[in-house]
Amino acid sequence: MTRGDAVSEELEEVGPIDYLVVEFPGNRMTGEGFPLLVDLVDRGLIRILDLTFVRKDEDGTVTGLEIADLTGDGALDLAVFEGASSGLLGQDDLEEAATALEPGSSAGILVYENVWAAPFAAALRRGGAQLVASGRIPVNAVAAALDRIEAPD
């Protein structure tokens, strides 16, 4: 068996992989969502492949942030995520993600596997199925559509 065959076999059991870029306007991160992210990992629903943070200065300069102390208060905020790096994200990816940010903001960039979907995805692949399209509907768009449906004529 070649290395390529082994990697191909490993990928047969991988769930869909997604990414998020979450902006924190004014560099304000409360950390409120991080325990929920940990819970998703602990319950085996997702596997974090990469988690990194960047800041976009007022002049457009993009810099990486240390994951250990994002709030700058000296406390170790996200030690549980330290080392969450598969190597998939490169500097060019960080720069591209930063184009979506307003100057004076920071962002978390998360790449994760949907572990919950791995058995389903693997079964489809074994049956010869191929994913030909995928996407997300933003919550704001769903809310707006529901408001239009429910609005009186």
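Everything that follows concerns the structure shown earlier in this document.
Bear in mind the structure is a predicted one, so any value in this text is a computation, not a measurement.

Okay, the sheet that holds strand 4 (residues 105-113) next. A sheet is described by the order of its strands in space; here four strands give the open sequence 1-4-2-3, paired in antiparallel fashion. If you trace the sheet from one side to the other, it starts and ends with strand 1 (17-24) and strand 3 (62-65), each paired once. Each adjacent strand pair in this sheet contributes to an overall mean axis angle of 25°, direction not counted. Relative to strand 3, strand 2 (residues 47-56) is paired through four bridges, and the arrangement is antiparallel. Residue Arg55 lies in a different strand from strand 3, and its bridge partner there is Thr63.

The subject of this paragraph is the pattern of salt bridges. Any two side chains of opposite charge can pair, given that their charged atoms come close. Evaluation of the coordinates by the stated rule reveals five salt bridges. Put simply, Arg136 and Asp18 hold a salt bridge, and the shortest N to O gap is 3.0 Å. Linking Arg136 in the loop between helix 4 (118-126) and helix 5 (139-150) with Asp18 in strand 1, this pair joins segments that are 118 residues apart in sequence. With its nearest N and O atoms 2.7 Å apart, the salt bridge here joins Glu113 to Arg47. With Glu113 in strand 4 and Arg47 in strand 2, the pair connects residues that are 66 residues apart, well separated along the chain.

By the element assignment, Lys56 lies in strand 2. Nearest to the buried, unbridged Lys56 among oppositely charged side chains is Glu102, at 7.3 Å. Only 3.0 Å separates the side chain of Lys56 from the backbone oxygen of Leu101, close enough to count as a polar contact. Ignoring anything within four residues of it in the chain, the contact list for Lys56 reads Thr61, Val62, Ala98, Thr99, Leu101, Glu102, Pro103, Gly104 and Ser105.

What follows deals with unusual backbone geometry. Of note, Asn27 is a non-glycine position whose phi angle comes to about 60°, a positive value. Its place among the elements puts Asn27 in the loop between strand 1 and helix 2 (34-42). The class for Asn27 is partly exposed, based on a relative accessible area of 31%.

As a further point, take the nonpolar core. With 12 residues, the main nonpolar core is built from Phe24, Met29, Phe34, Leu37, Ile46, Ile48, Leu51, Phe53, Leu65, Ala84, Leu110 and Tyr112. Put simply, the parts of the chain that give this core at least two residues each are helix 2, strand 2 and strand 4. With eight residues, the next largest nonpolar core counts Val54, Val62, Ala98 and Leu101 among its residues.

Our next topic: helix 5. Counted at 1.5 Å a residue, the expected span for helix 5 with its 12 residues is 16 Å, and the 16 Å between its end C-alpha atoms agrees. Judged by how many residues are buried, helix 5 sits mostly at the surface: zero of 12 residues are covered.

The next point concerns the side chain of Asn114. With respect to the helices, strands and loops of the structure, Asn114 is situated in the loop between strand 4 and helix 4. With relative accessibility at 7%, the residue Asn114 sits in the buried group. Engagement of the side chain of Asn114 in a polar contact is seen with the side chain of Asp18, the distance being 2.9 Å. Apart from the residues lying within four places of it in its own chain, the contact partners of Asn114 are Gly15, Pro16, Asp18, Leu45 and Ile46.

As for its position among the elements, Thr99 is in the loop between helix 3 (91-98) and strand 4. Taking the relative accessible area as the measure of exposure, Thr99 reaches 60% and is therefore exposed. Within the structure, Thr99 has its side chain in polar contact with the backbone oxygen of Glu96 (distance 2.5 Å).

The rules behind these values
- Residues numbered from 1 in each chain as written.
- Predicted model: local features only at pLDDT ≥ 70, side-chain atom pairs only at ≥ 80, totals over all residues.
- Heavy atoms only, no water.
- Pairing = 2+ DSSP bridges.
- Helix = DSSP H or I, 4+ residues; strand = E, 2+ residues; numbered from the N terminus.
- Axes fitted to C-alpha atoms, helices over the stretch in contact; angles between N-to-C directions.
- Salt bridge = Lys/Arg side-chain N within 4 Å of Asp/Glu carboxyl O.
- Buried < 20%, exposed > 50% of the residue type's maximum accessible area, 1.4 Å probe, protein only.
- Lys, Arg positive; Asp, Glu negative; His and termini not counted.
- Polar contact = N/O pair within 3.5 Å; in protein donor to acceptor, adjacent residues only side chain to side chain.
- Contact = heavy atoms within 4.5 Å.
- Core = buried A, V, L, I, M, F, W, Y, C linked by side-chain atoms within 4.5 Å.
- Expected span 1.5 Å × (residues − 1).

The values are spatial; any link to function lies outside them.
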